[in-house]
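Breakdown of the fold
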Amino acid sequence: MDAPSAGHAFEYLIETLNDSSHKKFFNVPRLGGTKYDVLPYSIRVLLEAAVRNCDGFLMKKEDVMNILDWKTKQSNVEVPFFPARVLLQDFTGIPAMVDFAAMREAVKTLGGDPKKVHPACPTDLTVDHSLQIDFNKCAIQNAPNPGGGDLQKAGKLSPLRVQPKKLPCRGQAACRGSCDSGELGRNSGKFSSQIENTPILCPFHLQPVPEPETVLKNQEVEFGRNRERLQFFKWSSRVFKNVAVIPPGTGMAHQVNLEYLSRVVFEEKDLLFPDSVVGTDSHITMVNGLGILGWGVGGIETEAVMLGLPVSLTLPEVVGCELTGSSNPFVTSIDVVLGITKHLRQVGVAGKFVEFFGSGVSQLSIVDRTTIANMCPEYGATLSFFPVDNVTLKHLEHTGFDKAKLKSMEAYLKAVKLFRNEQDNSGEPEYSQVIQINLNSIVPSVSGPKRPQDRVALTDMKSDFQACLNEKVGFKGFQIAAEKQNDIVSIHYEGSEYKLSHGSVVIAAVISCTNNCNPSVMLAAGLLAKKAVEAGLQVKPYIRTSLSPGSGMVTHYLSSSGVLPYLSKLGFEIIGYGCSTCVGNTAPLSEAVLNAVKQGDLVTCGVLSGNKNFEGRLCDCVRANYLASPPLVVAYAIAGTVNIDFQTEPLGTDPTGKNIYLHDIWPSREEVHQIEEEHVVLSMFKALKEKIEMGNKRWNSLEAPDSVLFPWDLKSTYIRCPSFFDKLTKEPVALQPIENAHVLLYLGDSITTDHISPAGSIARSSAAAKYLTNRGLTPREFNSYGARRGNDAVMTRGTFANIKLFNKFIGKPAPKTIHFPSGQTLDVFEAAELYQKEGIPLIILAGKKYGSGNSRDWAAKGPYLLGVKAVLAESYEKIHKDHLIGIGIAPLQFLPGESADSLGLSGRETFSLTFPEELSPGVILNIKTSTGKVFSVIASFENDVETTLYKHGGLLNFVARKFS
């Protein structure tokens, strides 16, 4: 932000940091005295931003005082918040940037200056969701390579400190030495030496190589497949001020945010203020673990922040979560995460801030805290905040943070009372509610088989899975007949015979989300793999195994610690950097496995160290998906099944026939910490920063336009100018009634944004596939829905295209609905298209928690372009409800205790309602059906800002009009 101008309402609070410093700050504690001292730390950050940005218009003095009076005003008032920066990732970032480009066109059409349209705050876009696993251990010989071209040659490598004794090599494709894979594990008493500023090393010959073959091949395909999108991103970084693009192959958004983008304290024009961020991903909350206020919003709200408007939120309740005790040695960070997730979900923290305190907090490392904070959307909180303390400062020092900045940061945070001193409990904040979690009570666990909140103790895993087979189809059950639960199907794969049954693991992925930022769990996975290989254990070759680290730093410490070849030996080869399996971009399973699953109607399993495991997300034929820590992912891959009791059943046998149990190869906490201290070092963080700042050859050589308006290619199937502004007028028109609307879909509870707008592969029989085929593309070239979010035609056709969508009109999972005027059963898009041609408006009927899961603006944009005027649900996920309003869809809510069922609605009626001229938050509206039934609903607008946006036809129209 600019330095405060003369006449600023709170100019009298500006002070110099110390007598010898030119750095200034708003000394907000002076404003509130004892009121300030009892505010939760997260509310203090909101208050500082309000004071600093108080202009009497977007931020009023009244807003500042409301935040200061948080204790009495919480949950009762709306307040604006100006975050310091914005973070986009490419799946959700591309529609935001495409909308920005389209807005320039709209502003020009209305007579405005398109050059004025650019972000008003720092905006970072990471290209990390484009990666697909075309190549891995199983698929590398036969996978498609549409990108073409030679592999990148090795660059200049740093000096290497070589151990006197060479160790045997497993035969890595990129190693040029003479390798004897049979020697793996015999001479492994010492780890290979660390390399600095190089991605990977052959740990046996100590010959540095540029990247594993799989990484290079996947990156090559990624650039070829996504060239249009990447060129658009590069144009955006050239034309829009304050936009920086982190190119593909660098790392995932959240980890790059932690390791490179986070400031903790901003300094602009000698003014210090807390770092804060919003972005187009619900897991932005990961930076809360660093003491940075941040959470996920939709692309629509993010664009508003980029254009200098605040985020509006109800002044939240803050739940204080007191952590006591310490976890036992066998519990990993993911166990702590899932334990806290389940506890907080049971307590009920939806829409609230969670703030951690207590003696247990100081025992958690920063990576532990960020892992916990990453999962906060899974327990429904807006954010999960860990205030800055000595642990934070030590972490920043360890990762190479500038010492002078670190010193001024500490002085500033202490001056404004944003620094948590664990030795001084006298000034503990007052919270809306306090809950206690004893870390000693947390046991090793996994989560599944269909939802991240369904936690299962590791000791109960076998019995729980068997119970899932028996239960009716639902959130946990599969309803397999008792006589078929022991069925076995034989398969032949690579010359050997294997047996598949219910519970067989067919996908095992250590992926680039949540856990890979935590060296302790990644090193634990590597050490477990090392001990497993030394014991003679193997992973069956038909299992799709993969390792996709969050950044090159993970590759560094896995390589320098010597565990990477053991992971590779078990099939966990690095396939690239970015989201892959977690968003449905896994390599196809073998035909033998697919046929066996179909033949036996088997409930096969995927095990992954991510944060999402909704049914069908990994692969259509994998019905049970479990979230687990990285070492447990490896353990289940070795076992080959989740239908195992690790306490009493062996993983396998060694060459002598001796049973090997999990406890035989599980690394101790001391082992892990020793390796972590030795290999997670400053040079690794420096290497990542250099990689980001230098870019890569493919990105640096990529050509892109630099015109004021983007030169849209009408033939492009990736980037299209969307139709949101087609009917834009300089002034908004009066609200129109919804008359004789048909129900497009009649849905149940917990409809996720994945159900509404899938991010994974495009099915060959889908409406989107037909559109792409008609434009000359082959199925190999379809890419994913996530990659095509810059094309409204594809995304509209992909809306409600999830094969697991259960529409009550159809009676079974299928992306279908009924077009009632004709009685035809059609794809959802085809039915909506017919309705639009007939001029018939549409609504959606739904149950509880409509729009849960990841924030995804196309889950609102898609229905809008299908002609949906309103959604009528029992309750909403807040982020998604904000999206509906932001695009111009009315979020209607049944009265408490009522539902479509209780009102006797079939969904086959038509519905009509009229909006009052003065639309107000929470107004009650009457709906009349074609059967004569009249009932009342709530217009679920929370404040005047939301009603204003709806009157304008959504946020995009509102902002475009301001520039015209």
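The name that an unreviewed UniProt entry assigns to the protein chain is Iron-responsive element-binding protein 2, with the source organism given as Odocoileus virginianus. Of the protein chain, the UniProt comment under Cofactor (unreviewed entry) reads exactly: "[4Fe-4S] cluster". Under the Subcellular location (unreviewed entry) heading, UniProt states for the protein chain: "Cytoplasm".

Here's the deal with the overall build of the protein chain
Within the protein chain, the secondary structure is distributed over 32 helices and 36 strands. Classification of the 964 residues of the protein chain by burial places 63% in the buried group. Here the contacts in the protein chain between residues at least 6 apart in sequence split such that 76% fall between residues at least 24 apart. Accessible surface computed for the protein chain: about 35000 Å², of which carbon and sulfur atoms make up 48%.

Side note on helix α13 (residues 390–398)
The periodicity of an α-helix, 3.6 residues per turn, causes residues three or four positions apart to be oriented the same way. Buried within α13 are the following residues: Val391, Thr392, Leu393 and Leu396. Where α13 is buried, its residues meet α12 (366–374) and α14 (403–415). Structurally, the start of α13 carries an N-cap: the backbone nitrogen of Val391 is 3.1 Å from a side-chain oxygen of Asp389. Looking one or two places after α13, you find Gly400, whose phi comes out positive at around 90°.

Examining the sheet that holds strand β33 (residues 890–894)
With respect to topology, seven strands assemble into a closed barrel ordered β28-β31-β32-β33-β36-β35-β34, the strand pairing being mixed. This sheet shows a mean twist of 40° between the axes of neighbouring strands, independent of strand direction. One ladder, built from four bridges, connects strand β28 (residues 738–746) with strand β31 (residues 842–845); its direction is parallel. Within β31, the residue paired with Leu745 across the bridge is Ile844. Sheet strands touched by helix α28 (residues 828–837): β28 and β31. Its angle to β28, the strand with the most contacts, is close to 170°.

Some points on the sheet that holds strand β14 (residues 318–324)
With respect to topology, four strands assemble into an open sheet ordered β16-β15-β14-β17, the strand pairing being parallel. Edge positions in the open sheet fall to β16 (383–385) and β17 (433–438), since each of these has one partner strand only. Strand-to-strand twist across the sheet, computed as the mean angle between neighbouring axes with direction ignored, equals 25°. Note: β14 against β17, six bridges, orientation parallel. Opposite Glu322, over in β17, you have Gln436 as the bridge partner. Seen against the sheet, helix α3 (residues 41–52) touches β14, β15 (353–357) and β16 and runs at an angle of roughly 125° to β15.

Describing the pairing of β33
Within β33, four of the five residues are buried, which leaves it mostly tucked inside the rest of the structure. Sheet topology places strand β32 (residues 868–873) next to β33; four bridges connect them, and they run parallel. Bridged to Ala870 within β33 is Ala890. You can see the chain leave β32, run along helix α30 (residues 878–887) and come back into β33, and the turn it takes is right-handed. Here three bridges tie β33 to strand β36 (residues 934–939), and the two strands are oriented antiparallel to one another. Among the inter-strand pairings, Phe894 is bridged to a residue of β36, identified as Val937.

Regarding the environment of Val349
Inspection of the secondary structure assignment puts Val349 in the loop between α11 (333–347) and β15. Residue Val349 is classed as buried on the basis of its relative accessible area of 1%. Along the primary structure Val349 and Leu383 are separated by 34 residues, whereas in three dimensions their C-alpha atoms are 9.9 Å apart.

Notes on the pattern of salt bridges
Under the criterion given, the structure shown has 28 salt bridges. Here Arg623 makes a salt bridge to Asp601, at a shortest N to O gap of 3.0 Å. Here Asp601 lies in the loop between α19 (591–600) and β24 (605–608) and Arg623 lies in the loop between β24 and β25 (624–627), a separation of 22 residues in the sequence. Among the residues examined, Asp601 registers a relative accessible area of 46% and is labelled partly exposed. In this structure, Asp827 and Lys816 form a salt bridge, with 2.7 Å as the shortest nitrogen-oxygen distance. Placement of the pair is Asp827 in strand β30 (residues 824–827) and Lys816 in strand β29 (residues 816–819), with a sequence separation of 11 residues. The class of Asp827 is buried, set by a relative accessible area of 11%. Residues joined in a network through salt bridges with shared partners are Lys770, Lys816, Asp827 and Glu830.

A short note on helix α26 (residues 767–774)
Ala767, Ala768, Ala769, Tyr771 and Leu772 are the residues of α26 that are buried. Where α26 is buried, its residues contact α27 (792–798), β30 and α28. Phi for Gly776, located one or two positions after α26, is positive at around 85°.

Things to note about the packing of aromatic side chains
Any aromatic ring pair is given by two values, namely how distant the centres are and how the planes are angled relative to each other. For the structure on display, the rule yields 24 aromatic pairs. When the centroid spacing of 4.4 Å and the interplanar angle of 10° are considered together, the rings of Phe356 and Phe386 count as stacked. Residue Phe356 is found in strand β15, and its partner Phe386 is found in the loop between β16 and α13; the two are separated by 30 residues along the sequence. Assigned by exposure class, Phe356 and Phe386 land together as buried. Three or more aromatic residues joined by ring pairs make a cluster, and in this case those are Phe100, Phe232, Phe233, Trp235, Phe240, Phe710 and Trp712. The side chain of Arg44 reaches across the aromatic face of Tyr41, ending 4.5 Å from its centre.

Regarding the side chain of Asp275
Looking at where Asp275 falls in the secondary structure, it is placed in the loop between β10 (271–274) and β11 (276–279). Its relative accessible area of 1% is what places Asp275 among the buried residues. A distance of 2.9 Å separates the side chain of Asp275 from the side chain of Arg85, its partner in a polar contact. A polar side-chain atom of Asp275 sits 2.8 Å from the main-chain amide nitrogen of Arg263. Beyond its immediate stretch of four places on either side in the chain, Asp275 contacts Ala84, Arg85, Ser262, Arg263, Val264, Val265, Phe266, Ile292 and Leu293.

Points about the pairing of β14
For β14, the tally of buried residues reaches six of seven residues, placing the bulk of the element in the interior. Note: β14 against β15, five bridges, orientation parallel. Its bridge partner being in β15, Gly320 is matched across the sheet by Glu355.

Some details on the side chain of Lys450
Mapped onto the elements, Lys450 comes out in the loop between β18 (445–447) and β19 (455–457). By relative accessible area, which is 5% here, Lys450 ends up buried. Within the local environment of Lys450, its side chain forms a polar contact with the backbone oxygen of Gly474, the two atoms lying 2.7 Å apart. In this structure the side chain of Lys450 is engaged in a polar contact, spanning 2.9 Å, whose partner is the backbone oxygen of Gly477.

Here's the deal with the nonpolar core
Counting residues in each nonpolar core, the largest one holds 192 residues, and the members touching the most others are Phe232, Trp295, Phe800, Tyr850 and Leu892. Ranked by residues supplied to this core, first place goes to helix α6 (residues 90–109) with 10 residues. Those residues within four positions of Phe800 in sequence are excluded, and the remaining contacts are Leu745, Leu747, His755, Ile756, Leu805, Pro815, Val828, Ile844, Tyr850, Pro863 and Leu866. In this structure, Val489, Val533, Ile574 and Ala628 belong to the second largest nonpolar core, which totals 77 residues.

Reading the values: rules and limits
- All residue numbers here refer to positions counted from 1 along the written sequence of the relevant chain.
- Note on the predicted model: pLDDT of at least 70 is required for a residue's local features to be given, and 80 or more for side-chain atom pairs to be given and counted; whole-chain, interface and lining totals, by contrast, use all residues.
- The basis for every side-chain value is the complete set of non-hydrogen atoms in the structure, without hydrogens or water.
- UniProt positions are given in the numbering used here, feature names are shortened, and annotations may be inferred rather than shown by experiment.
- Put simply, DSSP H or I for four residues or longer makes a helix, DSSP E for two residues or longer makes a strand, and each gets a number counted from the N terminus.
- Remark: exposure states derive from per-residue accessible area (1.4 Å probe, protein chains only) relative to the maximum for the residue type, with buried under 20%, exposed over 50%, and partly exposed in between.
- Residues are treated as being in contact if the distance between any of their heavy atoms lies within 4.5 Å.
- Calculation of accessible area relied on Shrake-Rupley with a 1.4 Å probe; when residues are assessed, cover is drawn exclusively from the protein chains displayed.
- Any N or O atom pair separated by 3.5 Å or less is treated as a polar contact, with the protein-specific requirement of one donor-capable and one acceptor-capable atom, and with residues adjacent in sequence counted only for side-chain atom pairs.
- The pairing criterion is simple: DSSP has to find at least two bridges between the two strands.
- Angles run from 0 to 180 degrees between N-to-C directions of axes, and those axes are lines fitted to C-alpha atoms, restricted for helices to the stretch in contact.
- Orienting the strands away from the viewer, one traces the path from the first strand over the helix to the second; a clockwise path indicates a right-handed crossover.
- Any carboxyl oxygen of Asp or Glu that lies within 4 Å of a side-chain nitrogen of Lys or Arg is treated as forming a salt bridge with it.
- Working definition: a ring pair exists when centres of Phe, Tyr or Trp rings (six-membered ring for Trp) sit within 6.5 Å. Plane angles under 30 degrees give stacked, over 60 give edge-to-face, the rest tilted.
- In our convention, an over-ring charge means Lys NZ or Arg CZ found within 6 Å of a ring centre and within 35 degrees of that ring's normal.
- Take the buried residues of types Ala, Val, Leu, Ile, Met, Phe, Trp, Tyr and Cys, join any two whose side-chain atoms come within 4.5 Å, and each joined set is a nonpolar core.

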